[in-house]
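Observations on the model geometry
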Amino acid sequence: DQQVKQNSPSLSVQEGRISILNCDYTNSMFDYFLWYKKYPAEGPTFLISISSIKDKNEDGRFTVFLNKSAKHLSLHIVPSQPGDSAVYFCAAGGLYNNNDMRFGAGTRLTVKP
Amino acid sequence: NAGVTQTPKFRILKIGQSMTLQCTQDMNHNYMYWYRQDPGMGLKLIYYSVGAGITDKGEVPNGYNVSRSTTEDFPLRLELAAPSQTSVYFCASTRHRQETQYFGPGTRLLVL
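What comes next concerns the included structure. Predicted model only: the values in this text are computed from it and were never measured.

What counts and what doesn't
Residues numbered from 1 in each chain as written. Chains lettered and ligands numbered in written order. Predicted model: local features only at pLDDT ≥ 70, side-chain atom pairs only at ≥ 80, totals over all residues. Heavy atoms only, no water. Contact = heavy atoms within 4.5 Å. Buried area = accessible area lost by both parts, 1.4 Å probe. Salt bridge = Lys/Arg side-chain N within 4 Å of Asp/Glu carboxyl O. Helix = DSSP H or I, 4+ residues; strand = E, 2+ residues; numbered from the N terminus. Buried < 20%, exposed > 50% of the residue type's maximum accessible area, 1.4 Å probe, protein only. 1 Å grid on protein atoms, 1.4 Å probe; cavity = no way out; pocket = protein on both sides within 12 Å on 5 of 7 lines; lining within 4 Å. Points joined across faces, edges and corners; volume = space filled by probe spheres on them. Nonpolar A, V, L, I, M, F, W, Y, C, P; charged D, E, K, R; others polar. Core = buried A, V, L, I, M, F, W, Y, C linked by side-chain atoms within 4.5 Å.

Listed by partner, the interface residues are 23 residues for chain B and 22 residues for chain A. Summing both partners gives a buried area of about 1800 Å² for chain B against chain A, and 54% of it is carried by carbon and sulfur. The interface formed by chain B and chain A includes 1 salt bridge. One salt bridge connects Arg102 of chain A with Glu59 of chain B, and the closest N-O pair in it is separated by 3.1 Å.

Written out as structure tokens, the structure is:
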């Protein structure tokens, strides 16, 4: 069962514009959400997270929005840079339990110069 | 700090062969994890460990075994390789349960 879904396998944006990556989840018990970034031949690296008590978390060019009623989160990258080109994974789980994180299939972002 | 290291980077196995995927972390993290990622799918947890001597099953443990004799090492054992185990395997670690995970670079395994 896919409890975390990223419905867009790929996204292409122009440098300087906004990138919006989307993620939907089905389990209402999830209270901690993360985005990881992955370059080819490397492991995923943590990008940004949000707990269910917030609806927005910002870190530089990266902002994550959480809509609990819609069970939806999104990652905004503004402005997008060519170095942001990577696969982005959404993950969800319990804030105090890393042992049952569920990951989406990833969205490949390409930022064109 | 090397972080999380995995060996080998790539391996081809014949059906029925066995092998051990190595994972080592030098951050003194208590929690360690093994995931597999199949094409077009998210990472799925195979096994995890909350400390030396303690392991537990994740979402997809069948066909695998693990051990955790030291804090640093968390090897994943495939006893009878099957084509369904063709995947990319990632090891990860974290200091505390609620902290984000640090991932290794992955091991690509092909079972023919």
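This part covers the pattern of salt bridges. Residues and elements named next belong to chain A. Under the defined criterion, the tally for this structure stands at 6 salt bridges over all chains. The shortest N-O distance in the salt bridge between Asp84 and Arg61 comes to 2.8 Å. With Asp84 in the loop between strand S8 (72-77) and strand S9 (86-94) and Arg61 in the loop between strand S6 (56-59) and strand S7 (62-67), this pair connects stretches of sequence that are 23 residues apart. The buried category is assigned to Asp84, whose relative accessible area is 2%. One network of salt bridges, in which partners are shared, links Lys37, Arg61 and Asp84.

Once that is clear, we can look at the layout of surface pockets. Computed from the structure, the largest pocket encloses a volume of approximately 620 Å³. Lys38 of chain A together with Gln37, Val88, Phe90 and Arg108 of chain B are, among the 27 residues lining the largest pocket, the residues nearest its centre. Within the residue set of the lining of the largest pocket, elements represented by two or more residues are S9 and strand S11 (107-112) of chain A together with strand S9 (87-94) and strand S11 (107-111) of chain B. With 4 residues, S11 of chain B is the single largest residue contributor to the lining of the largest pocket. Looking at the lining of the largest pocket residue by residue, the class counts come to 14 nonpolar, 8 polar and 5 charged.

So, on to the nonpolar core. Judged by nonpolar contacts, the single largest core of 23 residues is most densely connected at Phe33, Trp35, Leu73, Leu75 and Tyr88 of chain A. Of all the secondary-structure elements, those providing two or more residues to this core are strand S3 (19-25), strand S4 (32-38), strand S5 (45-51), S7, S8, S9 and S11 of chain A. With 4 residues, the top contributor of residues to this core is S9 of chain A. Setting aside its immediate chain neighbours within four residues, Phe33 of chain A contacts Tyr25, Ile48, Ser49, Ile50, Leu66, Leu73, Ala91 and Ala92 of chain A. Core analysis: the second largest hydrophobic core is formed by 19 residues, Leu76, Leu78, Ala81 and Tyr89 of chain B among them.

A word on the environment of Pro9 of chain A. All names here are of chain A. Mapped onto the elements of the fold, Pro9 is located in the loop between strand S1 (4-5) and strand S2 (10-14). By relative accessible area, which is 59% here, Pro9 ends up exposed. Separated by 49 residues in the primary sequence, Pro9 and Glu58 have C-alpha atoms spaced 24 Å apart. Discounting residues that sit within four places of it in the chain, Pro9 has contacts with Gly106, Thr107 and Arg108.

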